[in-house]
Amino acid sequence: MFHYLLKIQNKPKPHNTMNETVISYTLYLILAVSMTVWVARTLHKNGRIFLVDCFHGNTELADSVNHLLLVGFYLMNIGFVSLYLKTADEIAGARGVFEALSGKMGVVLLVLGGMHFFNLYVFTKMRRRATLAHLPPPVPPMHRVSKAHDILDTL
Amino acid sequence: MNTLTIFYDAHCGLCSRFRRWMLDQAAYVHLDFMPYDSEQARKRCPDLPNLRADQEIVVMGDDGSLWQGAGAWVTCLWALREYREWSLRLASPGLQQIARRVVHWISSNRISLSHLLRLRSDDALRAEVSHVSCDTGTCAVD
């Protein structure tokens, strides 16, 4: 009986490491998803004015595109966050939790930053295309026809 | 500006090919092509004979602005939807100098370049079409 009790006491606790892994996963998901939501909301709020300008003040179209971009952003980021969740290393102790978490979060933040700049690039590209349509010829004319009214008559 | 008139060389295959290419592109303004030596061109732009349009391409806006050579090429690109960004790049002073040289070389060798590339001019095509005879009920090129 005594031997049996000793056996139980000396048995390594399998739940301990699992708990730390689960804690890491939980903290990772909370942090990563809340960061994604924060970046998405910032983009949604501050990107609107860019889009309104791109669509010549058509606010309805701008809001629609803004919303679609937001959905795409959420899908891509949350998809990446969930794919990147699993860790192969054994997590032991509080130190292990922090190390695993900072490594994961670092990559997620870099990906979020990359996505953010990509979004900005798309916005400026769209805005540039919209402003191009109203630009005058880039090279000033070399001559000017003396009798401009006659020319307009022949058009 | 709503209309851009391009006084091109209808005897040159390269220029005629360029005209067809430009008309295939989506443009911001209406493009009007006229052979530089036609009566119609002289009527629209009386200053044309003084500009030596036979040496370098001349482009005119509907406000009477005239461009020639590299400036005319850049203005042609500016008129096209897909190439407006390129025209802004080419308009920088450094690139304009290179463009001026390239355009001048192309303009002075345009006939030999057309022969080399086997491009037929609008005039040659027109001459061929005018030889079509339809007397027998079916049309044939002589």
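Note: the structure precedes this text.
The shown structure was predicted, so the numbers you read here are calculated from the model rather than taken from an experiment.

Asks: With reference to specific residues and values, describe the pairing of strand β4 (residues 65-68) of chain B.
Replies: Here β4(B) shows two buried faces, one formed by S65(B) and W67(B) and the other by L66(B) and Q68(B). Two strands pair when backbone bridges link them, and strand β1 (residues 143-144) of chain A and β4(B) are joined in this way by 2 bridges, in the antiparallel orientation. Considered in β4(B), the bridge of R144(A) is made with S65(B). Where strand β3 (residues 58-61) of chain B lies against β4(B), 3 bridges are found, and the strand directions are antiparallel. Residue pairing across strands places V59(B) opposite W67(B), the latter belonging to β4(B). Connecting β3(B) to the antiparallel partner β4(B) that follows it, the hairpin turn spans 3 residues, and G64(B) within it adopts a positive phi of roughly 90 degrees.

Asks: For the interface of chain A and chain B, give the residues involved together with the corresponding values.
Replies: Facing the 23 residues of chain A at the interface are 29 residues of chain B. Summed over both partners, the interface of chain A with chain B buries about 2,200 Å², with 63% contributed by carbon and sulfur atoms. For the pair chain A and chain B, the number of links is 2 salt bridges. For D63(B), the salt bridge identified is with R144(A), shortest N-O distance 4.0 Å. One can count 10 residue pairs in polar contact (both at pLDDT 80 or more) joining chain A with chain B. At the level of secondary structure, the elements contributing two or more residues to the side of chain A that touches chain B comprise α4 (93-132), β1 and α5 (148-154) of chain A. Its residues assigned to classes, the side of chain A that touches chain B shows 15 nonpolar, 4 polar and 4 charged.

So, how was this worked out
- Residues numbered from 1 in each chain as written.
- Chains lettered and ligands numbered in written order.
- Predicted model: local features only at pLDDT ≥ 70, side-chain atom pairs only at ≥ 80, totals over all residues.
- Heavy atoms only, no water.
- Buried < 20%, exposed > 50% of the residue type's maximum accessible area, 1.4 Å probe, protein only.
- Helix = DSSP H or I, 4+ residues; strand = E, 2+ residues; numbered from the N terminus.
- Pairing = 2+ DSSP bridges.
- Contact = heavy atoms within 4.5 Å.
- Buried area = accessible area lost by both parts, 1.4 Å probe.
- Salt bridge = Lys/Arg side-chain N within 4 Å of Asp/Glu carboxyl O.
- Polar contact = N/O pair within 3.5 Å; in protein donor to acceptor, adjacent residues only side chain to side chain.
- Nonpolar A, V, L, I, M, F, W, Y, C, P; charged D, E, K, R; others polar.

Interpretation note: all reported values are geometric properties and have no functional meaning in isolation.
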